[in-house]
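Spelled out from the first residue to the last, the chains are:
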Amino acid sequence: MPGNRKNHPPEKPSLLHGDLWSGNVLCNPEGQPCLIDPAVYFGHREMDIAFSRLFGGFDSRFYQSYESIIPLEPDFEARMGIYNLYPLLVHLNLFGTAYLPELKESY
């Protein structure tokens, strides 16, 4: 099962953006990225990365840069479904059954 404790890497909780997708990133006048509209909480850092991939994701350079500083733990792809379960349930509740197929696919 993707979310069991045996393959969930232990680490200290991180401060997460909580709604990290491309629509919540703007550039300032100098061209630097700025994050907006956070839903901040503490959790496993992989949750933000999983959420960022849920609705299209970022340019591959974003993920390459992240991994060059803090590599993801092995089997991250297998855990993405459980990480994205809650946001997909929220979207299902707020926006309707259009999210149901993705929810079934993720978990």
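Residues numbered from 1 in each chain as written. Predicted model: local features only at pLDDT ≥ 70, side-chain atom pairs only at ≥ 80, totals over all residues. Heavy atoms only, no water.

The tally for this structure, following the rule as stated, stands at six aromatic pairs. Look at phenylalanine 58 and phenylalanine 62: their rings are 4.6 Å apart centre to centre, the planes differ by 40 degrees, and that puts the pair in the tilted class. Overall, phenylalanine 58 belongs to the buried group, its relative accessible area being 18%. Residue phenylalanine 62 is classed as partly exposed on the basis of its relative accessible area, which comes to 31%. Where phenylalanine 62 meets tyrosine 63, the ring centres are 5.0 Å apart and the plane angle is 90 degrees; that geometry is what we call edge-to-face. (Phe/Tyr/Trp six-rings, centres within 6.5 Å; stacked < 30°, edge-to-face > 60°. Buried < 20%, exposed > 50% of the residue type's maximum accessible area, 1.4 Å probe, protein only.)

Where the residue is not glycine, phi is negative for most of them; where a peptide bond is considered, it is trans in most cases. Its identity is not glycine, yet aspartate 37 carries a phi of approximately 50 degrees, on the positive side. Along the chain, the position of aspartate 37 falls in the loop between β3 (33-35) and β4 (41-43). Taking the relative accessible area as the measure of exposure, aspartate 37 reaches 48% and is therefore partly exposed. Of note in this structure, aspartate 75 is not a glycine but carries a positive phi near 70 degrees. Along the polypeptide, aspartate 75 turns up in the loop between α2 (60-69) and α3 (76-83). Accessibility expressed as a relative area gives 52% for aspartate 75, which makes it exposed. (Helix = DSSP H or I, 4+ residues; strand = E, 2+ residues; numbered from the N terminus.)

What follows deals with the nonpolar core. With nine residues, the main nonpolar core is built from Leu20, Ile49, Ala50, Phe58, Tyr63, Leu72, Phe76, Met80 and Tyr83. Those elements giving two or more residues to this core turn out to be α1 (46-54) and α3. Here the element with the most residues in this core is α3; it accounts for three residues. When sequence neighbours within four positions are dropped, the list of residues in contact with phenylalanine 58 reads Leu20, Trp21, Ser22, Val25, Ser52 and Tyr63. (Core = buried A, V, L, I, M, F, W, Y, C linked by side-chain atoms within 4.5 Å. Contact = heavy atoms within 4.5 Å.)

Within the element layout of this structure, tyrosine 66 appears in helix α2. Sequence spacing of tyrosine 66 and leucine 15 is 51 residues, and the spatial spacing of their C-alpha atoms is 15 Å.

Burial analysis of α1 places seven of its nine residues in the buried class, the great majority of the element. Among the residues making up α1, those that are buried are Glu46, Asp48, Ile49, Ala50, Phe51, Ser52 and Leu54. Those residues of α1 that are buried are in contact with β1 (14-16), α2, α3, α4 (85-95) and α5 (100-106). In the segment just after α1, glycine 56 is the residue with positive phi, at about 110 degrees.

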